[in-house]
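Each chain, written out:
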Amino acid sequence: MFCTKCGKQIDDGSQFCTYCGNKISVGQPANQQTVKPVYNAALQTENKVSGKKKGNGIIIGVVCATVAVVLLIVVLIIASLKKSNDDEGEVAENTTEVTSGEVLTPPDTEATEEEETTEAVAEIPEVDEATITKAKEAYINHLADHAGPINDYTWQFGYDGDTPKPVAYHDINRDGIPELIFMEAKNEYSAGYTIVGFKDGAEQVLGQVEDVDVEVAGGTSFYVAAIKDTDELFVYKEVVDEASEETYTELVTDVSGNYNPTVTYSRTTGPNEDYTETVVKCYKDGTEISEEEFDEYLTAKQDSIGTFLLYSEGDKVDELVDEKEDVCLTFEEAKTEISEGLDIDVDSLFATGLPIDSSVAFTFASGAGGWGTGLNVDSDGSFTVGYHDSEMGDTGPGYPNGSVYVSNATGKFKNITKIDEYTYKMELDYYETEQEVDSEEIKDEIRYVYAEPYGIEGGNVFYLYLPGKPISELSEGFLSWSYGVIGDISGESTLSCYGIYNEAMDEGFYGDKQ
């Protein structure tokens, strides 16, 4: 049969035209003849064109389907890649965020630590052993030249405190060569420090500050500290009297290697004008700042301290030193450490003789009564001493002519050090009496009682004074003993003879006037 719409012949019984899709009436008999349409050229042309479009549409459909599939695959790949990147970002984020759960860590932890380092610490150069040896030789000779003032600094930890530790041997400027820093007395009440380095084959004074530790009514405390991983020094000094003043100074090296102050913070604490309240004022380089700003600065600097080089007694100092490294040395410890490995006779280097050509005779007496002590001292410190005291009224059975207290001894002074042009300090090494002390015997009706050598006994530190020593620098105790030997000298300007002073007993020997 034929389609009633397009006229194409289709199979009998078809419900739709396979050419144009027209629905065929269900009630149409299969053997019914359909009138064949009259031929129409226009219609035939249209049908041909329609048939051509049908064939191209199939091809285009296939192509479009293929493209769609390809696009779908591409989209899936992109989505997969995006998910992978998101997962990696999530892992990276988890490594830098602290959570209550487990933290993922990248496998290359060393690289991460390197990235977190914000400031590189300069490496300390290696220095050959020969240079270190030359530096130590220079330092040990420098110590010998300053032995007197160093040993005369006795109040570092208080007069009843520990043995002074006035020396440090430490690489403070990080040049690979340790520096020498030491405290020494400038006079009887003031001391300062000196920093000595070694550069270009010779020693070099890198810094020197006086009046760091001063004897005042309320006391003084101080420290000199090295800031860790730098060549900076941090110096503290507090003087307490009616008010207190704290000073904190940063010292850094210049192009020549010398230490110079840069920033100074200070704080004063004391009463107001009518003593009704305590006033605290803080400054930075002389400009007033808040106490909060001062405390914030001080806390940060004290936290950055690596090593204490020198320090004194004081509650504030003790607490800090206990938390940090301490390289302070006694004078003897410094001599031993610095001279280690050197081909040098340290004892001979530090042995100082007295500036006398031959022995000098001294007398210790009050001028009243029959007692006196004679002392003869040689240039090497050795001495002989003789003491006698006649008590003719001290009689008894067998000695009606009285009693004589006597002592004859030999001994030596050691650790002789030059303090200044007219003063030498020395310590009593020993003395030995010829007779046993407190023993006695009677001869020619006189009782002889053997005693200690008066004027020497009880002493430890002695001072030799040379002619020319200013009288104003001598103690009242020493001057008082001049009456019985050479007369009153308190009105003179300088000492006209040799003198020896027993510091502990406040006693004085005098030689003949020059």
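Below is a short write-up of the structure. Since this is a predicted model, take the numbers as computed values, not measurements.

Let us look at unusual backbone geometry. Phi is positive for Tyr275, close to 60°, though the residue is something other than glycine. Its place among the elements puts Tyr275 in the loop between β8 (259–271) and β9 (278–284). Overall, the relative accessible area of 54% leaves Tyr275 in the exposed class. One non-glycine residue, Asp285, lies in positive phi territory at about 50°. Relative to the helices and strands, Asp285 is located in the loop between β9 and β10 (287–289). What makes Asp285 partly exposed here is its relative accessible area of 46%.

Our focus in this paragraph is the pairing of strand β16 (residues 382–391). Here strand β15 (residues 371–377) runs beside β16; their pairing, made up of seven bridges, is antiparallel. Its bridge partner lying in β16, Gly372 is registered against His388. The loop that links β15 with its antiparallel partner β16 comprises four residues; one of these, Gly381, has a positive phi angle of about 95°. As paired strands, β16 and strand β17 (residues 403–420) are joined by ten bridges and run antiparallel to one another. Bridge pairing in β17 links Tyr387 to Ser407.

With that out of the way, let us pick up the sheet that holds strand β1 (residues 167–170). Ordered in space as β4-β3-β2-β1-β13, the five strands form an open sheet in which the pairing is antiparallel. Whereas interior strands pair on both sides, the edge strands pair on one side only; in this sheet they are β4 (202–214) and β13 (328–329). Note: β1 against strand β2 (residues 179–185), four bridges, orientation antiparallel. Across the sheet, Val167 pairs through a bridge with Phe182, a residue of β2. Set on the sheet, helix α3 (residues 129–145) makes contact with β1, β2, β3 (190–199) and β4; between it and β3 the angle comes to about 155°.

Attention now moves to the side chain of Thr330. Here Thr330 lies in the loop between β13 and α7 (331–339). Beyond its immediate sequence surroundings of up to four residues, Thr330 is in contact with Thr163, Pro164, Lys165 and Pro166.

Our focus in this paragraph is a negative patch on the surface. The grouping of Asp303, Glu313, Asp315, Asp318, Glu319, Asp322 and Glu323 at the surface amounts to a negative patch. For the negative patch, the leading source of residues is helix α6 (residues 315–323), giving five residues. Here Asp303 lies in helix α5 (residues 291–303).

Tallied over the full model, the rule gives 25 aromatic pairs. Ring plane angle 75° and centroid distance 6.2 Å describe the contact between Tyr139 and Tyr169, whose orientation is recorded as edge-to-face. Taken together, the positions of Tyr139 in helix α3 and Tyr169 in strand β1 put the pair 30 residues apart, joining distant regions of the chain. Like Tyr139, the residue Tyr169 is buried in the burial classification. One aromatic cluster is present, formed by Tyr223, Phe234, Tyr236, Tyr248, Tyr265, Phe294, Tyr297 and Phe308 through successive ring pairs. The ring of Phe234 has Lys301 sitting right over it, with the charged end atom 5.7 Å from the ring centre. Between Lys443 and the ring centre of Tyr448, over which it is positioned, the NZ or CZ distance is 5.3 Å.

Taking strand neighbours across the sheet as the criterion, the eight strands line up as β10-β9-β8-β7-β6-β5-β11-β12 in an open arrangement whose pairing is mixed. Edge positions in the sheet fall to β10 and β12 (325–326), since each has one partner strand and no second. Direction of pairing for β8 relative to β9: antiparallel, over a ladder of seven bridges. Looking at β9, one finds that Pro271 is bridged to Thr278.

A few words now on α7. Buried within α7 we find Phe331, Ala334, Lys335, Ile338 and Ser339. Angular distribution of buried residues about the axis of α7 spans 105°; they occupy a single face of the element. Elements that come into contact with the buried residues of α7 comprise α3, α4 (147–151), β1, β2, β13 and α8 (346–350). Two residues or fewer after α7 comes Gly341, characterised by a positive phi angle close to 85°.

Turning our attention to the nonpolar core. Grouped together as the largest cluster of nonpolar side chains are 39 residues, with contacts concentrated most on Phe362, Leu375, Leu464, Ile500 and Tyr510. The biggest single contributor to this core is strand β21 (residues 461–465), with five residues. With residues near it in sequence (within four places) discarded, Phe362 still touches Thr373, Gly374, Leu375, Val377, Leu464, Tyr498, Gly499, Ile500, Phe509, Tyr510 and Gly511.

All told, the structure shown has 15 salt bridges when counted by the stated rule. Linking Asp152 and Lys425 is a salt bridge whose minimum nitrogen-to-oxygen distance equals 4.0 Å. Pair noted here: Asp152 is in the loop between α4 and β1 and Lys425 is in strand β18 (residues 423–433), with a separation of 273 residues, a long-range link. For the pair Asp152 and Lys425, a shared accessibility class is recorded, and that class is buried. Put simply, Glu291 and Arg267 hold a salt bridge, and the shortest N to O gap is 3.8 Å. Here Glu291 is found in helix α5, whereas its partner Arg267 is found in strand β8, with 24 residues between them in sequence. A relative accessible area of 11% means that Arg267 is categorised as buried. A single salt-bridge network, built from bridges that share partners, covers Glu238, Glu246, Arg267, Glu291, Asp295 and Lys316.

Parameters at a glance
- Residues numbered from 1 in each chain as written.
- Predicted model: local features only at pLDDT ≥ 70, side-chain atom pairs only at ≥ 80, totals over all residues.
- Heavy atoms only, no water.
- Helix = DSSP H or I, 4+ residues; strand = E, 2+ residues; numbered from the N terminus.
- Buried < 20%, exposed > 50% of the residue type's maximum accessible area, 1.4 Å probe, protein only.
- Pairing = 2+ DSSP bridges.
- Contact = heavy atoms within 4.5 Å.
- Axes fitted to C-alpha atoms, helices over the stretch in contact; angles between N-to-C directions.
- Patch = residues over 30% accessible without salt bridge, like charges linked within 9 Å, V, L, I, M, F, W, Y side chains within 5 Å.
- Areas by Shrake-Rupley, 256 points an atom, 1.4 Å probe, with all protein chains shown as cover.
- Salt bridge = Lys/Arg side-chain N within 4 Å of Asp/Glu carboxyl O.
- Lys, Arg positive; Asp, Glu negative; His and termini not counted.
- Charge placed at Lys NZ, Arg CZ, Asp CG, Glu CD.
- Phe/Tyr/Trp six-rings, centres within 6.5 Å; stacked < 30°, edge-to-face > 60°.
- Lys NZ or Arg CZ within 6 Å of the ring centre and 35° of its normal.
- Arc of directions from axis to C-beta.
- Core = buried A, V, L, I, M, F, W, Y, C linked by side-chain atoms within 4.5 Å.

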